[in-house]
Amino acid sequence: MAQQEDVFKKLVSHCKEYGFVFPSSEIYDGLAAVYDYGQMGVELKNNLKKYWWDSMVLLHENVVGIDSAIFMHPTIWKASGHVDAFNDPLIDNKDSKKRYRADVLIEDQLAKYDDKINKEVEKAAKRFGEQFDETQFRATNPRVVENQAKRDALHTRFAQALNDSNLDELRQIILDEGIACPISGTRNWTDVRQFNLMFSTEMGSTSDGALKVYLRPETAQGIFVNYLNVQKTGRMKIPFGIAQIGKAFRNEIVARQFIFRMREFEQMEMQFFVRPGSELDWFAKWKEIRLKWHQALGLGQEKYRYHDHDKLAHYANAATDIEFLMPFGFKEVEGIHSRTDFDLSSHEQFSGKSIKYFDPELGESYTPYVIETSIGVDRMFLSVLAGSYREETLDSGETRVVLMLPPTLAPIKLAVLPLVKKDGLPEKARAILDDLKFEMKCQYDEKDSIGKRYRRQDAIGTPWCVTIDHQTLEDDTVTLRNRDTMEQERVAIGALRSFVQERVSMTALLKRI
Ligand code: ATP
């Protein structure tokens, strides 16, 4: 674990050093849990957003996009339940004065039991080799059985407390489990209190009665309140979906994990409107489609898993997360929720306007049910970086840091490097770049030795480098170097475009889903 934390620290400083992510307002000592994307980060982020957008809007005839405003009528957040129920249970340690989410402290405790059990299993698997029967071992080993029983009891108690919104019970669980503050090491806890996560501000001048408005904590409501506009003007027939990418804001209590939990972040959400009664089938379908989307990136199938929710949000009748193995454990990257007709019915009630759908096939009107897929761009960004970051020791004994990014997502697709800064090589290199720049993001670099330049490109995840040397002037061939294998081959300049394009195009990636 310590080693993993180390990797995480390195990743954070790598992000800063190479222009992926900077702390916001850094020259003023930063602003907690707010980050800016740099010159490399913005390219990677845009590529990720395009991958998501195209997978929704291009690959599904019945999914269209919108871009709704961040400010919305404040009653929307009454109707959605966010004013009354968008709370996190917080608890303070009286000695360190640090604030925590009570549910997260308990989840971490559950993960500790899992770790203990898994370690026993791993040890035994090594000891017994091929004869190892894991099921039997889990059922009979006294230490495993004891820890599993403790874990299950805690899990049941926790789920019950969450479902009842029983704050005293959450605190009691923390005390009974002996959970200590990681900073002070003490168990001196305050009561658990609810904390609303929405930011608010005022619209209009105070003299004419300013209106209290919220910064949206999710993009979904912009879709719900536009659903009938889109359905009518786009002549959409159920089932159909509306996709949106945009900023969301949450006043998170604990924000210590870099861009994993931010106060200003970006979401990619799709609401899929279906006939009542068919929602669980669609839920299952979208679960599968979304996992495939993640897996197509090739970061390793074993790094993803589903996690079904114990506590369903006030609007849901089924919910699952897609989790990714971050350097700090499996964590949610995307949520898939069956939101029933909660939101649409509620908006109908609060607005007094009918937003029912007339189903021509059934000859009747109803309020559609909704399946939502909701993914954070920033968390996705972090998962891609964490899954791509490698430190390698080469045969020469040298080390290199390389981002093995999926080529389609890489900020720079091709680096164009003249071997030396003279003899017409820079001009030749520029001519190659000028020819390719319309189709792919290229970078020209002539400074330092070729080895150093390769390292710089490895560090930002550039999948290919071409080197222009004296032979290029004679026969129009260049050396093409592969980031992952570091192998080099001689190719004709004329063949470069299709070679790189085939491997970095969005189409190539989308076809893998
Ligand atoms: P968590 O339990 O981690 O707070 P959540 O279940 O509240 O997350 P959702 O409301 O389901 O999250 O939001 C959908 C997605 O938006 C999440 O899967 C995540 O990728 C992203 N997201 C939510 N909150 C944040 C945040 N504070 N910073 C960055 N991304 C976030």
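Residues numbered from 1 in each chain as written. Predicted model: local features only at pLDDT ≥ 70, side-chain atom pairs only at ≥ 80, totals over all residues. Heavy atoms only, no water.

A cluster of nonpolar residues, L58, L59 and I513, forms a patch on the protein surface that exposes about 270 Å² of accessible area. Along the chain, I513 turns up in the segment after α18 (506–510). (Patch = residues over 30% accessible without salt bridge, like charges linked within 9 Å, V, L, I, M, F, W, Y side chains within 5 Å. Areas by Shrake-Rupley, 256 points an atom, 1.4 Å probe, with all protein chains shown as cover. Salt bridge = Lys/Arg side-chain N within 4 Å of Asp/Glu carboxyl O. Helix = DSSP H or I, 4+ residues; strand = E, 2+ residues; numbered from the N terminus.)

Taken together, 16 residues lie near the ligand, and E252, R261, M262, E332 and V333 sit nearest. Contact between the ligand and E252: a nitrogen atom at 2.8 Å from a side-chain N or O atom of the residue. Separating an oxygen atom of the ligand from a side-chain N or O atom of R261 is a distance of 2.8 Å. Burial of the ligand by the surrounding chains reaches 87%, relative to a free accessible area of 590 Å². (Near = heavy atom within 4 Å. Polar contact = N/O pair within 3.5 Å; in protein donor to acceptor, adjacent residues only side chain to side chain.)

Once that is clear, we can look at the packing of helix α2 (residues 39–58) against helix α11 (residues 279–295). Their axes nearest at 12 Å, the elements α2 and α11 cross at an angle of 145 degrees. For the pair α2 and α11, the crossing hand works out as right-handed. Every residue of α11 that contacts α2 at L48, Y51, W52, S55 and M56 is listed here: W286, R290 and W293. In terms of residue class, the contact of α2 with α11 is built from six nonpolar, one polar and one charged. (Axes fitted to C-alpha atoms, helices over the stretch in contact; angles between N-to-C directions. Left-handed = near helix turned anticlockwise from the far one by under 90°. Contact = heavy atoms within 4.5 Å. Nonpolar A, V, L, I, M, F, W, Y, C, P; charged D, E, K, R; others polar.)

Core analysis: the biggest nonpolar cluster contains 59 residues, and F20, Y51, W52, F381 and L382 have the highest contact counts within it. When residues of this core are assigned to domains, at least three fall in each of domain 1 (63–86 + 197–385) and domain 3 (400–510). Listed in part, the 20 residues of the second largest apolar core include Y444, V478, L480 and V491. (Core = buried A, V, L, I, M, F, W, Y, C linked by side-chain atoms within 4.5 Å. Buried < 20%, exposed > 50% of the residue type's maximum accessible area, 1.4 Å probe, protein only. Domains from an automatic or database assignment.)

Here three strands make up an open sheet; going across it, the order is β5-β4-β6 and the pairing antiparallel. Pairing within the sheet leaves two strands with one partner each, and these edge strands are β5 (99–101) and β6 (193–196). Going across the sheet, the axis of each strand differs from the next one's by a mean of 45 degrees, ignoring polarity. Pairing geometry for strand β4 (residues 87–92) and β5, over three bridges, is antiparallel. Residue pairing for β5: L90 is matched across the bridge by R101. Contacts between helix α5 (residues 102–128) and the sheet are confined to β4 and β5, with β5 contributing the most and set at about 70 degrees to the helix. Together, β4 and β6 form the strand contacts of helix α8 (residues 167–176), whose direction differs from that of β4 by roughly 45 degrees. (Pairing = 2+ DSSP bridges.)

Before going further, it helps to examine the domain arrangement of the protein chain. Split by domain assignment, the protein chain resolves into domain 1 (63–86 + 197–385), domain 2 (88–193) and domain 3 (400–510). Each of domain 2 and domain 3 has a C-alpha centre, and these two points are 50 Å apart.

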